[in-house]
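Commentary on secondary and tertiary structure
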Amino acid sequence: MASKCPSFSPCPTLLVLRARAPFPLSPFSSNKTMAAMSKGAPALGLALKTSEVKHQDCSSSSANFSSSSTRRRSRSGVGRVSMHCRAVLATEQVEAPIKSPFPVQYTKLFINNSFVDSVSGKTFPSIDPRSEEVAVEVAQAAAEDVDRAVKAARKAFEEGPWPRMPGCERAGIMNRIADLLDEHKDELSALDTLNMGKVYDMARLGEAPLAIGLFRYYAGWCDKAQGMTLPTNGPFHAYTLHEPIGVVGSILPWNAPFYLLAMKVAPALACGNTIVLKPAQQSPLSALLIAKLAAEAGLPDGVLNVVTGYGDTGMHIASHMDVDKVAFTGSTQVGRQIMQAAAQSNLKPVNLELGGKSPFIIFGDADMDAAVESAHQAIFYNQGQMCVAGSRTFVHESVYDEYLERAKARAEKRVVGDPFKPGVEQGPQADEAQFNKVMSYIRAGKDEGARLITGGERVGSKGYYIQPTIFSDVQDDMKICREEIFGPVMSVIKFKTVEEVIQRSNQSEYGLGATVMSKNVDIINTVTRSLKAGIVWVNTYGILTPSAPFGGYKSSGFGRENGAYALANYQQVKSVIMPICNPPYL
Amino acid sequence: MDSGKPYEQARYAELPLMSRQFRYFAGWADKIFGTTGPSDGIHAVQTLHEPIGVVGQIIPWNFPLVMYCWKVAPALAAGNTIVLKTAEQTPLSAILAGKLALEAGIPPGVLNIVSGYGPTAGASIAEHMDIDKVAFTGSTEVGKLVMAAAARSNLKPVTLELGGKSPMIICEDANVDEAVELAHFALFFNMGQCCCAGSRTFVHESIYDEFVEKSKARALKRVVGDPFRKGVEQGPQVDKDQFHKVLGYVESGMEQGANLITGGGRLGSKGYYIKPTIFTDVKEGMKIFDEEIFGPVQSIAKFKTLDEVVQRANNTVYGLAAGIFSNNINTVNTLSRALRAGTIWVNCFDVFDATIPFGGYKQSGIGREKGKYVLESYTQVKAVVTPLHNPAWL
């Protein structure tokens, strides 16, 4: 236990909160996070005791938590906070939902930098998954509304200033957008929590900074998108221009509304495009506020338009004849429809971020404390609603029993409750359909003979809360092992050899993420190259640095987001060729 | 104040360039990529682009703050620490900039600024055994000393931005009025004290006479005076040495038979002011045509064919920049490839966007500043190699 090598980092977005226990900070949180937390707690009537907090830099991702409940040691460089609050345990009734700290301001479509009703005046209900009741009505966009938005985006692209600004000016506006998002990150996070149940503190202290960071990262790319001058096979002068692609349709899911919006919008804007964005029907609110803030920051009219509605709104975008490109994140099933619509309309290029069934592989030499906590976060973070969730936990036979025991203990400590309450780790599933789907997978797991280690039931009778659930002795052909559950259900699978676990990991139709827990350089090199997955984490999980490209193999989609790679999604490459007379060289 | 440059020029032309440099390179800080690469055999190969370490930077007096920004911003973005020496003529602005950097949060010791003379402070940096890299902007003569000192001491890599004698080529299809104005700006800007000044003006014979006449008129209109006064285009030369050097070249021009058509001497009796000066009938062999004057002395020569002007333009030890004035695509393409210079300005001059690499061929220097290219100068490449067993692919 003494000096563990700094190998563990839970989801960077997180603060793992435990009632009546010190908790670790992720390497991506800081003194500011701690201060913010302690400011919040008294407002909610909780006593908060902070021990001395030291500055922690990102590079020392210290493994500072311990699996043993008896030893709490303060490591240098990491602060700890003891929370004295009443735990909401998995078996307790959930209380009446806490009121969101921010009222909902914007519920209409955002076109040409103004809020407008849908042409038909229709709205749709946005449901609070804690109460199962309607929180607010939001404008519903039909084909004519999508049309209006596309027209605005087209005009902004063909005639407006945005693509005609030098990159450095776009950068200035994007940095101002980031500043405003930062000022409003609590409000944005509250909207997401209200919409889909994300734990509020994780949203505002973890995911929001990452989203804002993406805006700043791509602000930096605005003036660095370069083409090339080219060697030729004859007397020609040739070069490429990397042009903005035009009107971009961005269709988002509900599981991380703020972050995924940043992931789509920031690179598209940086390259000089205009956007028609559709957030998921479960989570329309934060996108509307973000668009308003972008306009305040100086984004010209028509550059960022938001149309809220159901899946059909998204399909109108995918099949629109005047949208130049569509980028979609969501389920594999809908991804197929989007791609077909794109093909059948104007052959607009598509990139897709779809589902996953990512293996989380624990070798015998893994740091078991880190493995248990990482594997826990990998499946349970955000109520299991992550495309990259580590949803097949492969454990080497030599440490299988030990792992199960510890994983069970960890899951049983997980605090499920109102996501606005400090100390809660797990909120409700996003909506009724998701809830039903997860419960049916749990039933399937039981029916197909997997061994239920813990959980498996609903929490309370109101709100879509599900107990953290673990199945063991899961076989490859079970539904819970093959299909994406998108819920807090861990499936633990025993393996023997490296070749076997590679082969079984790759058997999935998906190929989004993977995690390898081992200290052995050879195992790491072999396994990382053998896995058919777009992101492989080694001895950590969930780190989303802006420079690392993100995307899937196989049915998990194609194309890469983040990093320099994302720029290619939002540019059109033009070659220019002309003859050259008497060239001094070729 | 230190350098005599017109206040309006510094305030409105140069200052925006400076903050722009810092913002541009701030954007590069988290985008310095290495590679993972193929190998010839069964190895995993990665490259890491690491900060090079302690960087010594020696800057000149002609654009004190702009030069400071060109040097400091990329070096910091790449994660280095800096010891920067200002020119003895212009020590003040960098000190203020450094203080502001501290206020902005730069940790102590990352940016250090020393003022002093070349043979002492500058040489000391170039020779220092614990400085990992030196970047110098200044004269070719001193650049050679810096490089030799770097070699003698610890073989620290060197980048140099040195002198120039850049050709400004006015082709036969040029609009003469526009060409005159651009050529005037290319030479006279900053009292002629630019490494990349367009200091050999080649004009096609078909427009030569008109060009010369209009250039003279333009030079006579140039407002020379106190740089703090509004509307002044040209202040004094930076110091007594430069002043006498320039006047010396003017005399040699007259002695060697060039035709003085305007200016040619001091303006007033106090302050290092020199009249905007133009020589015509200038040719190779004359000092004013071969050597860098660094003053407000324009030399205009006549040419007939493109081949001829290419050969004459390249006939210099320098190779910093060149200007081409033409709308003909073929002329532009041919000349821009044929001229041996690091920056070719076509129908413009002195465009210094942060994104555009700048540097010299031949004795105008080594390496490039600005743009993505400068990052190479401030990083060290490390390859990491590990064997692979049963690789799934190679």
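Residues numbered from 1 in each chain as written. Chains lettered and ligands numbered in written order. Predicted model: local features only at pLDDT ≥ 70, side-chain atom pairs only at ≥ 80, totals over all residues. Heavy atoms only, no water.

1. Focus on the overall build of chain B
We apply this condition: For the purposes of this entry, the term helix denotes a DSSP run of H or I that reaches at least four residues, the term strand denotes a run of E that reaches at least two, and both are numbered from the N terminus. Radius of gyration: C-alpha atoms only; globule rule: 2.2 Å multiplied by the number of residues to the exponent 0.38. Three exposure classes are used, based on accessible area relative to the maximum for each residue type with a 1.4 Å probe and protein chains only: buried under 20%, partly exposed in between, and exposed over 50%. Residues count as neighbours in contact if any of their non-hydrogen atoms are within 4.5 Å of one another. Only the protein chains shown count as covering a residue, and every accessible area follows the Shrake-Rupley method with a 1.4 Å probe.
When helices and strands are tallied, chain B shows 12 helices and 16 strands. The C-alpha atoms of chain B give 23 Å as radius of gyration, which agrees with the globular expectation for 394 residues (21 Å, within 12%). Here the C-alpha coordinates of chain B stretch approximately 75 × 45 × 35 Å along the principal axes. Within chain B, the proportion of its 394 residues that are buried is 53%. For chain B, contacts bridging at least 24 residues in sequence account for 72% of all contacts bridging at least 6. As presented, chain B carries roughly 17200 Å² of accessible surface, and 56% of it is formed by carbon and sulfur atoms.

2. Observations regarding the packing of helix H3 (residues 167–183) of chain A against helix H5 (residues 200–221) of chain A
All names here are of chain A. The condition that has to hold: As a rule, the C-alpha atoms of each element are fitted with a line to give its axis, helices using only the stretch in contact, and angles between N-to-C directions run from 0 to 180 degrees. Each angle is binned into one of four classes, with values under 35 degrees roughly parallel, values over 145 roughly antiparallel, values of 65 to 115 roughly perpendicular, and all other values oblique. When residue character is reported, Ala, Val, Leu, Ile, Met, Phe, Trp, Tyr, Cys and Pro are called nonpolar, Asp, Glu, Lys and Arg charged, and the others, Gly included, polar.
Running from amino to carboxyl end, H3 crosses H5 at an angle of 170 degrees, the nearest separation of the two axes being 8 Å. With respect to H5, the element H3 is oriented roughly antiparallel. Where H3 approaches H5, its residues Ala171, Met174, Asn175, Ile177, Ala178, Asp179, Leu181 and Asp182 are matched on the opposing element by Ile212, Phe215, Arg216, Tyr218 and Ala219. Tallied by class, the residues present in the contact of H3 with H5 amount to 9 nonpolar, 1 polar and 3 charged.

3. Let's talk about the environment of Tyr208(B)
All names here are of chain B. The line we're drawing: For this analysis, a polar contact is any N or O atom pair within 3.5 Å, provided that within protein one partner can donate a hydrogen and the other can accept it, and provided that sequence-adjacent residues contribute only side-chain to side-chain pairs.
Mapped onto the secondary structure, Tyr208 falls in helix H7 (residues 208–221). Apart from residues no more than four positions distant in its own chain, Tyr208 is found in contact with Val203, Thr280, Asp281, Ile300, Ala301 and Lys302. Engagement of the side chain of Tyr208 in a polar contact is seen with the backbone nitrogen of Asp281, the distance being 3.4 Å.

4. Some remarks on the packing of aromatic side chains
Stated formally: Stacked, tilted and edge-to-face are the three classes applied to pairs of Phe, Tyr and Trp rings, where Trp contributes its six-membered ring and a pair requires centres within 6.5 Å; stacked means planes under 30 degrees apart, edge-to-face means over 60, and tilted covers the rest.
Using the criterion set out here, one finds 26 aromatic pairs over all chains in the structure. Measuring from centroid to centroid gives 5.5 Å for Trp254(A) and Phe486(A), while their planes differ by 85 degrees, and the two rings are edge-to-face. Highlighted residues: Trp254(A) in the loop between strand S9 (247–251) and helix H6 (257–270) and Phe486(A) in the loop between helix H13 (479–482) and strand S18 (489–495), separated in sequence by 232 residues. Judged on exposure class, the residue Trp254(A) and its partner Phe486(A) are both buried. For the pair Phe363(A) and Phe495(A), a centre-to-centre distance of 5.4 Å together with 80 degrees between the ring planes defines the contact as edge-to-face. In this pair, Phe363(A) sits in the loop between strand S14 (359–362) and helix H10 (368–380) while Phe495(A) sits in strand S18, placing the two residues 132 residues apart along the sequence. Exposure remark for Phe363(A): the relative accessible area of 3% places this residue in the buried category. Taken together through their ring pairs, the aromatic side chains of Trp221(A), Tyr24(B), Phe25(B), Trp28(B) and Phe33(B) make up a single cluster.

5. Side note on the interface of chain B and chain A
Just so we agree on the cut-off: Each of two parts loses accessible area, computed with a 1.4 Å probe, when they are put together; buried area is these two losses added. Here, a salt bridge means any side-chain nitrogen of Lys or Arg that lies within 4 Å of a carboxyl oxygen of Asp or Glu.
Counting from both sides, the interface comprises 23 residues of chain B and, opposite them, 25 residues of chain A. It is Lys31(B), Asn333(B) and Arg337(B) that lose the most area in chain B upon contact with chain A, and together they represent 29% of the buried surface on that side. The interface formed by chain B and chain A includes 1 salt bridge. Across the pair Asp223(A) and Arg20(B) runs a salt bridge whose closest N-O atoms are separated by 2.5 Å. Along the contact surface separating chain B from chain A lie 8 residue pairs in polar contact (both at pLDDT 80 or more). Counting only elements with at least two residues in the side of chain B that touches chain A, the list comes to helix H1 (7–28), helix H11 (329–338) and strand S16 (379–387) of chain B. Per element, the largest residue contribution to the side of chain B that touches chain A is 6 residues, and it comes from H11(B). Per-class residue counts for the side of chain B that touches chain A are 10 nonpolar, 8 polar and 5 charged.

6. Overview of the UniProt feature "domain: Aldehyde dehydrogenase" (unreviewed entry) in chain B
Note the threshold: UniProt positions are given in the numbering used here, feature names are shortened, and annotations may be inferred rather than shown by experiment.
UniProt's entry tags residues 2–384 of chain B with the feature "domain: Aldehyde dehydrogenase" (unreviewed entry), counted in the numbering of this structure. Helix makes up 37% of residues 2–384 of chain B and strand 20%. Its end C-alpha atoms lie 49 Å apart.

7. Description of the UniProt feature "active site" (unreviewed entry) in chain B
Residues and elements named next belong to chain B. UniProt's feature table lists "active site" (unreviewed entry) at Glu161, given in the numbering used throughout. With respect to the helices and strands, Glu161 occurs in strand S7 (residues 158–161). On the accessibility criterion, Glu161 (3% relative accessible area) is buried. Ignoring any residue separated from it by four or fewer positions in sequence, one finds Glu161 in contact with Phe136, Thr137, Gly138, Leu320, Phe358, Gly359, Ser364, Gly367 and Glu369.

8. Quick look at the nonpolar core
Definition in use: Side-chain atoms within 4.5 Å link the members of a nonpolar core, which is a set of buried Ala, Val, Leu, Ile, Met, Phe, Trp, Tyr and Cys residues. The split of the chain into domains comes from an automatic or database domain assignment.
Within the largest apolar cluster, 166 residues are counted, with the highest numbers of intra-cluster contacts made by Met174(A), Phe215(A), Tyr218(A), Ile362(A), Tyr403(A) and Ile170(B). If you count residues domain by domain, this core takes at least three from each of domain 1 (7–162 + 364–387) and domain 2 (166–346) of chain B. With residues near it in sequence (within four places) discarded, Tyr218(A) still touches Met174(A), Ala266(A), Pro267(A), Ala270(A), Asn562(A), Gly563(A), Ala566(A) and Leu567(A).

9. Concerning the side chain of His184(B)
Within the secondary structure, His184(B) is located in helix H6 (residues 176–188). With residues near it in sequence (within four places) discarded, His184(B) still touches Phe189(B), Arg218(B), Ala219(B), Arg222(B) and Gln298(B).

10. Observations regarding the domain arrangement of chain B
Residues and elements named next belong to chain B. Domain boundaries assigned for chain B yield domain 1 (7–162 + 364–387) and domain 2 (166–346). For domain 1 versus domain 2, the distance between C-alpha centres works out to 30 Å. Area buried by domain 1 at its contact with domain 2 is led by Glu8, Trp61 and Ser364, which between them contribute 37% of it. Counting the contacts that link domain 1 with domain 2 gives 0 salt bridges. Across the domain 1-domain 2 interface, the total number found is 8 residue pairs in polar contact (both at pLDDT 80 or more).

11. Re the confidence of the model for chain B
Quick reminder of the rule: The quantity called pLDDT is the predictor's confidence in a given residue, expressed from 0 to 100.
Averaged over all residues, the pLDDT of chain B is 95; the fraction at 70 or higher stands at 100%. Model confidence for the complex: the whole-complex pTM is 0.86, and ipTM, which rates the interface, is 0.84.

12. Digging into a nonpolar patch on the surface
Convention followed: Residues enter patches when they are more than 30% accessible in relative terms and free of salt bridges; like-charged ones are connected within 9 Å and nonpolar ones (Val, Leu, Ile, Met, Phe, Trp, Tyr) within 5 Å.
Residues Met1(B), Tyr7(B), Leu92(B) and Phe228(B) make up a contiguous nonpolar surface patch of roughly 500 Å² in combined accessible area. Note that Tyr7(B) resides in helix H1.

13. Observations regarding the pattern of salt bridges
Residues and elements named next belong to chain A. Going through the model one piece at a time under the given rule, you end up with 46 salt bridges over all chains. Residue Lys462 pairs with Glu133 through a salt bridge whose shortest N-O separation is 3.6 Å. Of this pair, Lys462 sits in the loop between strand S16 (451–454) and strand S17 (469–472) while Glu133 sits in strand S6 (residues 133–139), and the two are 329 residues apart along the sequence. We classify Glu133 as partly exposed; its relative accessible area is 45%. A salt bridge links Lys224 to Asp223; the shortest N-O distance between them is 2.8 Å. A residue is classified by how much of its surface remains accessible, and Asp223, at 13% relative accessible area, is buried. Members of the salt-bridge network, linked through shared partners, are Arg154, Glu158, Asp322 and Asp324.

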